[in-house]
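Reading the structure
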Amino acid sequence: QVQLVESGGGLVQAGGSLRLSCAASRTIFSINAMGWYRQAPGKERELVARLTSGGSTAYADSVKGRFTISRDNTKNTVYLQMNSLKPEDTAVYYCYARELYDYWGRGTQVTVSS
């Protein structure tokens, strides 16, 4: 099992940047996949970015070219660098890890003002 704790959310103006962090309670080296989902009010939770243990990445079309997912295995942490933020990026962002079961963090709020 693994526990996940997100941090780095907050209020930012449009065009600004934030870096979200997802700290895991144990090594993430062997976890099959980790990534980020987000959920805005009244909307379904959607996949934002995904990173496999082998280094493959995938992004939602809406964030391609603006967001970058990465990991630091020595810190047991996955990051989401968010640049050129737009008001429509406003949501609660959730970290997840996939292995035998799926694990979720509690979420961190990102609010982008116009």
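Provided above is the structure to which this section pertains.
Rules used throughout
- Residues numbered from 1 in each chain as written.
- Predicted model: local features only at pLDDT ≥ 70, side-chain atom pairs only at ≥ 80, totals over all residues.
- Heavy atoms only, no water.
- Salt bridge = Lys/Arg side-chain N within 4 Å of Asp/Glu carboxyl O.
- Buried < 20%, exposed > 50% of the residue type's maximum accessible area, 1.4 Å probe, protein only.
- Core = buried A, V, L, I, M, F, W, Y, C linked by side-chain atoms within 4.5 Å.
- Helix = DSSP H or I, 4+ residues; strand = E, 2+ residues; numbered from the N terminus.
- Phe/Tyr/Trp six-rings, centres within 6.5 Å; stacked < 30°, edge-to-face > 60°.
- Lys NZ or Arg CZ within 6 Å of the ring centre and 35° of its normal.

As a further point, take the pattern of salt bridges. Counted according to the given criterion, the structure contains six salt bridges. Glu-46 serves as the salt-bridge partner of Arg-38, at 2.7 Å between the closest nitrogen and oxygen. The class of Glu-46 is partly exposed, set by a relative accessible area of 35%. In this structure, Asp-61 and Lys-64 form a salt bridge, with 3.1 Å as the shortest nitrogen-oxygen distance. One salt-bridge network, held together by shared partners, links Arg-38, Glu-46, Arg-66 and Asp-89.

Before going further, it helps to spend a moment on the nonpolar core. In this structure, Leu-4, Met-34, Trp-36, Leu-80, Met-82 and Tyr-93 are the most contacted members of the largest nonpolar core, which totals 29 residues. Broken down by secondary-structure element, the contributors of at least two residues to this core are β3 (18-24), β4 (33-39), β5 (46-52), β7 (67-72), β8 (77-82), β9 (91-98) and β11 (108-113).

What follows concerns the packing of aromatic side chains. In the structure shown here, the tally under the stated rule is three aromatic pairs. Considering the side-chain rings of Tyr-37 and Tyr-96, the 5.1 Å spacing of their centres and the 70 degrees angle between planes classify their relative orientation as edge-to-face. Within this pair, whereas Tyr-37 is found in strand β4, its partner Tyr-96 is found in strand β9, the two being separated by 59 residues in sequence. Following the ring pairs from residue to residue traces out a cluster consisting of Tyr-37, Tyr-96 and Trp-104. A cation over a ring is seen here: Arg-45 above Tyr-94, with NZ or CZ 3.8 Å from the ring centre.

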